[in-house]
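Each chain is listed here by its residues.
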Amino acid sequence: MNNKILISIIAVLLLIAGVSLYFVFHEDNSLSKCGDKICDSKERLNPDLCSKDCKAYQSVCGDGVCSFIEFEKKLCKKDCIVIKEKKCSEQGGDICSDNEDCSGLFIYAPDSERCCDENCISIEVEEEICSEQGGEICEGGETCSGNLIYASDSDMCCDDVCESTTTINYDDSPFGAHGYYNIISDIADVGIKYKRNTAQEGLVWDLVEPNLDGNYEWANFESNLDTAESLGLTVMVTIKSYNNNDQTCNADRYCIRRGRCRFNPCDWDKYKIFINTAIEKYGDRIKYWQIENEPKESGGYFSETPEGYGKLLSTSYGIIKNKCSDCNVLLAGIWNNEGFTYYNDLFNYLKNNNLKNSFDIFDMHTATNHNTVGEVYGQIDTLLSQYEYSNIPIWSTEFGPLASDPSNCVVPDDIGSTLIKNYVAALDIGFEKLFWRVSECPSFIINKENKKIDTYYAYKTLISKLEGFSSISKFNEWQYKFNVDGNDIYVLWCDSGNCVLPSGITGSVKVTDYFGSEEIKDSTQVILTESPVFIEEK
């Protein structure tokens, strides 16, 4: 073979490789902004990202012109079958500066990537604000679900929807149950990971040490713990400090609910020994301990003053932490607006007596719905921030609708939908763990006839879809996106009006209703209703 021909071929191949490598390693890492009249490196190699910026880079195969994009991406062999090693000027072209666009097409030339086959024209960016272009400005903590576009008033103008993203760093599951042991197998079958042991199932001083003589009866308590652990459930235990034989000092105290009044111990030394013994015995198996339940100054499940409860809380906390440094102590669950006044006084007491570090987790009992749970969370957040507890996790160990008259309770037809909506909204705003009222009407998962109802299947489906999620994005009312193991799962419904699917859902998708029934369909055929669905890639 003629040496000159061989050298020419090698030169051409080296040139092609050099141009390709230049664009691979010269990639612009800045964000592409559609509409800035600049066809940057990302847009240039994929002009469809922003056709209005990259008109000069479009491919017209068969026109006899080897455009830059046809050459670079090998889009049209018949236009680029022969590489013309001619400089831009030799092809009658004009090299455009970075501030100029091409009125025709950018064609391949060895001396420039911006060789225009017609005239170079000055780029004049239209100074339009984001809203004039139909865009939305993404604030801090939000990401653009579409593309960032050029706007004179913001660098974060999105041509689609701004998504508010909450990153979740759960070490374990947020799904719990508040209910009784007679349905514990069903609780485990649903996929629930946490079980709250409270009332008679909790650590009740009166049951464990009935004679107040140092002889402890652990059998029932330990049996419940063994059963839960055998089913893979982690228990959270409520400590009940009442002992009937200890209450001589409280005999004359007034309580509007006389039959259920529970006051602080009279013999604090015996109480301390009881708690110390319990934590020493079970601290390696139980890592979450709650001190009493729904305190109220006159009545309720614990009838102490805020100051009285503060003493019980701080005393118990010190003993638990001394014996089990990795154990967590929950504040007694707060209930309704009256509870906020009580806890404000409690936090004042703790602050004024240098007892601020007396709990690790805040508990809010709520029966609110998905539309108002944010208001409740906001009240909690304000209260905690006021007393410098901003980093305290917030749980709800009694979560879900509650009948005002349990003896005459009617289960709504949409109770399964309610469970899904309440959980999704509560997790999105920041609750770290939620214990559904699995034994209380109308939230129970097994009814009085011992039959599984909608809540059973809804909770099971929810957990199967979302367990292990790492982030939540809310980008429209009633529209949420969870990231689970790197995959996006949308939870969507439409309470009113006509709701459209998020723009990120296209093509063939898997749609799952709250009963767990799955269907593959085209996204254009998905109609959102009041009943939530889970949507993910096929």
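Above: the structure in question.
Conventions and cut-offs
- Residues numbered from 1 in each chain as written.
- Predicted model: local features only at pLDDT ≥ 70, side-chain atom pairs only at ≥ 80, totals over all residues.
- Heavy atoms only, no water.
- Pairing = 2+ DSSP bridges.
- Helix = DSSP H or I, 4+ residues; strand = E, 2+ residues; numbered from the N terminus.
- Disulfide = S-S within 2.5 Å.
- Buried < 20%, exposed > 50% of the residue type's maximum accessible area, 1.4 Å probe, protein only.
- Core = buried A, V, L, I, M, F, W, Y, C linked by side-chain atoms within 4.5 Å.
- Contact = heavy atoms within 4.5 Å.
- Axes fitted to C-alpha atoms, helices over the stretch in contact; angles between N-to-C directions.
- Left-handed = near helix turned anticlockwise from the far one by under 90°.
- Expected span 1.5 Å × (residues − 1).
- Phe/Tyr/Trp six-rings, centres within 6.5 Å; stacked < 30°, edge-to-face > 60°.

## Notes on the sheet that holds strand E4 (residues 112–116)
Working step 1: Sheet architecture is open: three strands sit in the order E1-E4-E3, paired in antiparallel fashion. What marks the edges here is a single partner per strand, and that holds for strand E1 (94–95) and strand E3 (106–109).
Working step 2: Bridge count for E3 against E4 is three bridges, and the pairing is antiparallel. Residue pairing in the sheet places Phe 106 in a bridge with Cys 116 of E4.

## A closer look at the state of the cysteines
Working step 1: The full count for this structure, using the stated rule, is nine disulfides.
Working step 2: Note on cysteine connectivity: Cys 88 is disulfide-linked to Cys 115, with sulfurs 2.1 Å apart. Torsion about the S-S bond of the Cys 88 and Cys 115 cystine: about 85 degrees, corresponding to right-handed handedness. Of this pair, Cys 88 sits in the loop between helix H4 (77–80) and E1 while Cys 115 sits in strand E4, and the two are 27 residues apart along the sequence. Here Cys 88 and Cys 115 have matching classes, each one buried.
Working step 3: Cys 409 shares a disulfide with Cys 441; S-S distance 1.9 Å. Negative torsions about the S-S bond denote left-handed disulfides, and the value of about -80 degrees found for Cys 409 with Cys 441 makes this one left-handed.

## Topic: the nonpolar core
Working step 1: Of all hydrophobic cores here, the largest spans 94 residues; its most connected members are Phe 347 and Phe 362.
Working step 2: With residues up to four places along the chain from it excluded, the contact list for Phe 347 reads Leu 331, Phe 359, Phe 362, Leu 383, Leu 384, Tyr 387 and Tyr 389.
Working step 3: Core analysis: the second largest hydrophobic core is formed by twelve residues, Phe 475, Ile 505, Val 526 and Leu 528 among them.

## Let's talk about the packing of helix H12 (residues 415–429) against helix H13 (residues 454–466)
Working step 1: Orientation of H12 relative to H13, taken along the N-to-C sense of each, is 35 degrees, at an axis distance of 7 Å. Crossing of H12 over H13 shows right-handed handedness. Within the contact between the two elements, H12 uses Ile 415, Gly 416, Leu 419, Ile 420, Tyr 423 and Val 424 and H13 uses Asp 454, Thr 455, Ala 458, Tyr 459 and Leu 462.

## Structural notes on the sheet that holds strand E6 (residues 136–137)
Working step 1: With antiparallel pairing, the three strands of this open sheet are ordered in space as E6-E9-E8. Each having just a single partner strand, E6 and strand E8 (148–151) make up the two edges of the open sheet.
Working step 2: The pairing of E6 with strand E9 (residues 154–158) spans two bridges and is classified as antiparallel. Residue pairing in the sheet places Ile 137 in a bridge with Cys 157 of E9.

## Looking at H13
Working step 1: Here H13 is 13 residues long and its end C-alpha atoms lie 18 Å apart, about the 18 Å a rise of 1.5 Å per residue gives.
Working step 2: Within H13 the residues assigned to the buried category are Thr 455, Tyr 456, Ala 458, Tyr 459, Thr 461, Leu 462, Ile 463, Lys 465 and Leu 466.

## Details of the packing of aromatic side chains
Working step 1: Per the counting criterion, the structure on display carries 34 aromatic pairs.
Working step 2: Aromatic side chains Phe 347 and Tyr 387 sit 5.6 Å apart centroid to centroid with 65 degrees between the ring planes, which places their arrangement in the edge-to-face category. Pair noted here: Phe 347 is in helix H10 (residues 336–352) and Tyr 387 is in the loop between helix H11 (373–386) and strand E19 (394–399), with a separation of 40 residues, a long-range link. The residues Phe 347 and Tyr 387 share a single accessibility class, namely buried.
Working step 3: An angle of 35 degrees between the planes, with centres 5.9 Å apart, marks the rings of Tyr 423 and Trp 436 as tilted. Taken together, the residues Tyr 423 in helix H12 and Trp 436 in strand E20 (residues 433–437) connect sequence positions 13 residues apart. Just as Tyr 423 is buried, Trp 436 falls in that class too.

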